[in-house]
Amino acid sequence: MPTSSLNPHLPFGENKLADWYGKDIISVKQFGRDDLEYIFGVAHEMRGMVERVGTFDLLKGKILANLFYEPSTRTSSSFTAAMERLGGSVIPINEVKYSSVSKGESLPDTVRTLECYADVIVLRHPETGSAAIAAKAARKPVINAGDGIGEHPTQALLDTFTIFEELGAGQVDGMTVTMLGDLKYGRTVHSLARLLSLFKVKINYVSPDILKMPKEVMDEVAAKGIPQAEFGSLEKVLPETDVLYVTRVQKERFEDPAEYEKVKGAYVIDPAIMKAAKKDMIVMHPLPRVGEISVDFDEDPRAAYFRQMEYGLYVRMALLAMVLGKA
Ligand code: ASP
């Protein structure tokens with residue numbers, strides 16, 4: 001795969017380091033293009049270090065509290081792996097039902113507790129705005145690992161890093177990105193559309209009528225001068241697409257299960273459909289998939305979703321090193 005045109009030896013950076021030390025990561029709105037270049041430079045370096053030495057001692061003695069009120073495989077385990085690859089350790093709270101949360105403890109109190117033992121808190125919570133509430137309560141950095149249908153900033157950072165690494169950083173301006181599926185409840189696309197609006201991209205949204213991208217997100221993206229268009233079917237936009245970002249219909253967010261049933265199989269990407277796409281484009285998915293991409297497509301070189309997960313490790317290593325001032 002083509003590698004990034006970023007300088008892989010970008011210094012771990014005197015001046016930028018101060019910017020992120022002790023900071024919370026709550027929303028992609030906190031990032032500008034310079035930040036991305038810096039983060040991706042560090043992530044690129046992390047990748048090299050993992051390939052060369054596997055584990056090293058940058059965060060030796062540091063502790064991460066991984067606090068998950070919602071299910072997670074990738075985000076939770078990649079933050080754990082990131083911390084451990086950097087020589088740190090993790091307090092895992094993946095089953096809040098076994099913690100004092102089930103006794104009725106409030107989020108601010110839980111966070112205040114964990115920061116007595118940990119240096120950084122990664123939080124996933126079903127309510128939009130919860131990460132900001134936790135960050136307000138905590139003195140230590142809080143990293144938003146998904147707040148309901150709100151945002152998933154570290155996913156958007158790793159998604160953009162994937163695009164840089166796979167297609168070349170210099171190619172992002174001028175690119176057409178098509179987001180497909182549940183754009184209403186999918187927090188990953190809410191963050192990604194906002195983050196990509198830092199570049200001169202064109203964004204297509206393809207979804208069932210009831211799962212359209214929220215107006216609030218589209219307005220923010222439009223304010224950056226980014227052309228956006230909405231479609232009900234993929235056919236028309238697939239041939240021009242450089243990045244096809246597929247999402248799962250978020251069953252857990254539906255109040256009426258009958259509504260979910262109506263839209264759950266709306267789009268399925270398979271080798272036949274992908275004949276109409278470019279040869280040098282990529283297909284991404286934050287995963288888990290539940291049928292939106294046929295397994296028959298997995299061996300296609302354009303299927304980037306498994307590589308995307310690995311990029312997530314390096315981006316999360318970079319973020320942890322940055323907020324802990326040890327990059
Ligand atoms: N893993 C992603 C998230 O937590 C996407 C998904 O669940 O569909 O938002």
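What you see is a predicted model; the values in this text were computed from it and never measured.

> Looking at this structure, how should I read the overall build of the protein chain?
From N to C terminus, the protein chain includes 10 helices and nine strands. Over its C-alpha atoms the protein chain spans a radius of gyration of 19 Å, differing by no more than 12% from the 20 Å that the globule rule assigns to 327 residues. For the protein chain, the C-alpha atoms occupy an extent of roughly 55 × 50 × 40 Å along the three principal directions. Here the analysis covers contacts within the protein chain between residues at least 6 apart in sequence; of these, 75% occur between residues at least 24 apart. Of the roughly 13900 Å² of accessible surface on the protein chain, a fraction of 53% belongs to carbon and sulfur atoms.

> So what exactly am I meant to see when it comes to the sheet that holds strand β7 (residues 228-231) here?
What holds strands together in a sheet is hydrogen bonding between their backbones, with the strands either parallel or antiparallel. In spatial order, the strands read β7-β6-β5-β8-β9; together these five strands make up an open sheet with parallel pairing. The open sheet has two edge strands with one neighbour each: β7 and β9 (282-284). When the angles between neighbouring strand axes are averaged without regard to direction, this sheet yields 20°. Relative to β7, strand β6 (residues 202-206) runs parallel, the two sharing four bridges. Along β7, the bridge assignment pairs V206 with F231. Contacting β8 (243-246) and β9, helix α6 (residues 153-167) crosses the sheet at an angle of about 165° to β9. Against the sheet, helix α8 (residues 215-223) contacts β6 and β7, and its axis sits at roughly 145° relative to β7.

> Can you help me understand the site of the ligand in this one?
Near the ligand, the surroundings consist of R124, H152, R187, T188, R248, Q250, P286, L287 and P288. R187 places a side-chain nitrogen or oxygen 2.8 Å from an oxygen atom of the ligand. Here L287 contributes a backbone N or O atom positioned 2.9 Å from a nitrogen atom of the ligand. For the ligand, the accessible surface in isolation is 270 Å², of which the surrounding protein chains cover 91%. When atom positions are compared with the pocket grids, the ligand is found to occupy the largest pocket. When grouped by side-chain class, the residues that make up the shell around the ligand number three nonpolar, three polar and three charged.

> Is there a simple way to think about empty space enclosed by the protein in this case?
Where empty space is left becomes clear once a probe the size of a water molecule has been rolled over the atoms. A full pass over the atoms with the stated rule returns one cavity of 30 Å³ or more. Empty space within the largest cavity amounts to approximately 70 Å³. Looking at the largest cavity, the residues that line it are L180, G181, P208, V246, T247, V249, V263, K264, A266, Y267 and E292. Classifying every residue of the lining of the largest cavity by side-chain character gives seven nonpolar, two polar and two charged.

> Please clarify how the confidence of the model for the protein chain should be interpreted in this entry.
Low pLDDT means the predicted atomic positions in that stretch should not be read closely. Taken as a whole, the protein chain shows an average pLDDT of 93; of its residues, 94% reach a score of 70 or greater. Below pLDDT 50 for its whole length, residues 1-15 participates in 33 contacts with residues either more than four positions away or in separate chains.

> Help me understand helix α10 (residues 305-323), please; the structure alone is not making it clear to me.
Quick reminder: α-helices carry 3.6 residues per turn. Residues three or four places apart thus point the same way. Taking 1.5 Å of rise per residue, 19 residues should cover 27 Å, and α10 covers 27 Å from first to last C-alpha, within 8% of that figure. With 15 of 19 residues buried, α10 lies mostly within the body of the structure. Just beyond α10, the residue with positive phi is G325, at close to 65°.

> I would appreciate a short explanation of the pairing of strand β1 (residues 63-68) in the present structure.
The side chains of a regular strand alternate between both faces of the sheet. Taken across its six residues, β1 has five buried, putting it largely inside the fold. Note: β1 against strand β2 (residues 89-93), five bridges, orientation parallel. Along β2, the bridge assignment pairs A65 with I91. In terms of handedness, the path from β1 via helix α3 (residues 74-85) over to β2 forms a crossover that is right-handed.

> Can you help me understand the packing of aromatic side chains in this one?
Two numbers describe a pair of aromatic rings. These are the distance of the centres and the angle of the planes. Applying the stated criterion to the full structure yields eight aromatic pairs. Taking the centre distance of 4.9 Å and the plane angle of 15° together, the rings of W20 and F31 count as stacked. In this pair, W20 sits in helix α1 (residues 14-20) while F31 sits in the loop between α1 and α2 (33-53), placing the two residues 11 residues apart along the sequence. For the pair W20 and F31, one class covers both residues: buried. With 5.6 Å between their ring centres and 90° between their planes, F161 and Y311 make a pair best called edge-to-face.

The rules we used
- Residues numbered from 1 in each chain as written.
- Predicted model: local features only at pLDDT ≥ 70, side-chain atom pairs only at ≥ 80, totals over all residues.
- Heavy atoms only, no water.
- Helix = DSSP H or I, 4+ residues; strand = E, 2+ residues; numbered from the N terminus.
- Rg over C-alpha atoms; globule rule 2.2 N^0.38 Å.
- Contact = heavy atoms within 4.5 Å.
- Areas by Shrake-Rupley, 256 points an atom, 1.4 Å probe, with all protein chains shown as cover.
- Pairing = 2+ DSSP bridges.
- Axes fitted to C-alpha atoms, helices over the stretch in contact; angles between N-to-C directions.
- Near = heavy atom within 4 Å.
- Polar contact = N/O pair within 3.5 Å; in protein donor to acceptor, adjacent residues only side chain to side chain.
- 1 Å grid on protein atoms, 1.4 Å probe; cavity = no way out; pocket = protein on both sides within 12 Å on 5 of 7 lines; lining within 4 Å.
- Sits in = over half its atoms within 2 Å of the grid points.
- Nonpolar A, V, L, I, M, F, W, Y, C, P; charged D, E, K, R; others polar.
- Points joined across faces, edges and corners; volume = space filled by probe spheres on them.
- pLDDT = per-residue confidence, 0-100.
- Expected span 1.5 Å × (residues − 1).
- Buried < 20%, exposed > 50% of the residue type's maximum accessible area, 1.4 Å probe, protein only.
- Right-handed = clockwise from strand over helix to strand, strands pointing away.
- Phe/Tyr/Trp six-rings, centres within 6.5 Å; stacked < 30°, edge-to-face > 60°.

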